[in-house]
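Spelled out, the chains give:
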Amino acid sequence: MTETAELLSGLALGSFRLNGQFLQVAEGLARPAGMTAAWWQVLGAVLREPLPVAGVARVMGMTRQGVQRIADLLVERGLAEYQPNPAHRRAKLLQPTATGRAAIAQITPGHQAFADRLVEALGADVARDCLTALHHLSTTLDHLTTPS
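Just so we're clear, the structure is a prediction, and the values are computed from it rather than from any experiment.

**Quick notes on the packing of helix 1 (residues 3-30) against helix 2 (residues 37-45)**
Argument step 1. The contact between helix 1 and helix 2 brings their axes to 8 Å, and the two run at 85°. Comparing their axes, helix 2 and helix 1 come out roughly perpendicular. On the side of helix 1, the interface is formed by L23, A26, E27, L29 and A30, while helix 2 contributes A37, A38 and W40.
Argument step 2. When grouped by side-chain class, the residues that make up the contact of helix 1 with helix 2 number seven nonpolar, no polar and one charged.

**Overview of the side chain of Q95**
Argument step 1. Position of Q95 among the secondary structure elements: in strand 3 (residues 93-96).
Argument step 2. Polar contacts involving the side chain of Q95 include one to the side chain of E81, which spans 2.8 Å.

**Focus: the sheet that holds strand 2 (residues 80-83)**
Argument step 1. Here we have three strands laid out as an open sheet, ordered 1-3-2, and antiparallel in their pairing. Each edge of the open sheet carries a strand with a single partner, namely strand 1 (51-52) and strand 2.
Argument step 2. Of the strand pairs in this sheet, strand 2 and strand 3 are connected by four bridges, and their pairing is antiparallel. Following the sheet pairing, A80 is matched in strand 3 by P96.
Argument step 3. Strands strand 2 and strand 3 of the sheet are contacted by helix 4 (residues 64-76), whose axis makes an angle of about 110° with strand 2.

**As for the nonpolar core**
Argument step 1. If you look at the biggest cluster of nonpolar residues, it comprises 26 residues, and the most contacted ones within it are M35, W40, V42, L43, V56, L74 and I107.
Argument step 2. In terms of residue count, helix 2 provides more of this core than any other element does, six residues in total.
Argument step 3. If we ignore the near neighbours within four places in the chain, the residues touching V56 are V42, A45, V46, L51 and V67.

**What to know about a nonpolar patch on the surface**
Argument step 1. On the surface, a nonpolar cluster with roughly 550 Å² of combined accessible area is contributed by L18, F22, L118, V119, L122, V126 and L134.
Argument step 2. The set of elements that each furnish at least two residues to the nonpolar patch consists of helix 1, helix 5 (98-122) and helix 6 (124-145).
Argument step 3. The dominant element in the nonpolar patch, judged by the number of residues it contributes, is helix 5, at three residues.
Argument step 4. Tracing the chain through its elements places L134 in helix 6.
Argument step 5. Look at L134 and you get partly exposed, because its relative accessible area is 45%.

**Topic: the pairing of strand 3**
Argument step 1. Of the two faces of strand 3, the one holding L93 and Q95 and the one holding L94 and P96 are both buried throughout.
Argument step 2. Across two bridges, the pairing between strand 1 and strand 3 is antiparallel. Counterpart to P52 in the pairing with strand 3 is L93.

**A look at helix 1**
An α-helical turn contains 3.6 residues, so any two residues separated by three or four positions project in the same direction.
Argument step 1. Here helix 1 contains 28 residues, and its C-alpha end-to-end distance of 40 Å stays within 8% of the 40 Å for a straight helix at 1.5 Å per residue.
Argument step 2. Those residues of helix 1 lying buried are A26, L29 and A30.

The rules behind these values
Residues numbered from 1 in each chain as written. Predicted model: local features only at pLDDT ≥ 70, side-chain atom pairs only at ≥ 80, totals over all residues. Heavy atoms only, no water. Axes fitted to C-alpha atoms, helices over the stretch in contact; angles between N-to-C directions. Helix = DSSP H or I, 4+ residues; strand = E, 2+ residues; numbered from the N terminus. Parallel < 35°, antiparallel > 145°, perpendicular 65-115°, else oblique. Contact = heavy atoms within 4.5 Å. Nonpolar A, V, L, I, M, F, W, Y, C, P; charged D, E, K, R; others polar. Polar contact = N/O pair within 3.5 Å; in protein donor to acceptor, adjacent residues only side chain to side chain. Pairing = 2+ DSSP bridges. Core = buried A, V, L, I, M, F, W, Y, C linked by side-chain atoms within 4.5 Å. Buried < 20%, exposed > 50% of the residue type's maximum accessible area, 1.4 Å probe, protein only. Patch = residues over 30% accessible without salt bridge, like charges linked within 9 Å, V, L, I, M, F, W, Y side chains within 5 Å. Areas by Shrake-Rupley, 256 points an atom, 1.4 Å probe, with all protein chains shown as cover. Salt bridge = Lys/Arg side-chain N within 4 Å of Asp/Glu carboxyl O. Expected span 1.5 Å × (residues − 1).

If you want it as structure tokens, here you go:
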């Protein structure tokens, strides 16, 4: 195997491992609020502004169908609601309800405590460097995989 192939494999495997680790942390943080990591992820994507399901999928790197299933569950459980989309008649906007915002607020203290522990363990400069590297890797992958 060439060095470049080994680097790609290492980056992919490292990302898969990190994803699993972050999902495990997120599940633990979301559980006391009666949520799952996936519910938190989708609801978190629409906290600042309502988005159509396809927009959530793009932002979160998920499939549209997967987001649709989670969005429907969130609506069914009263954590989110669909609103008309002035830009597109059929693609309704997803937004959190007051109950959804309250669930997120319940997660926030544990999220902050874990964030503090992680950044303290890494050091703030290393944490920022990791974030920069992840953004750069993601942007580069987008450029290489998006059809022109």
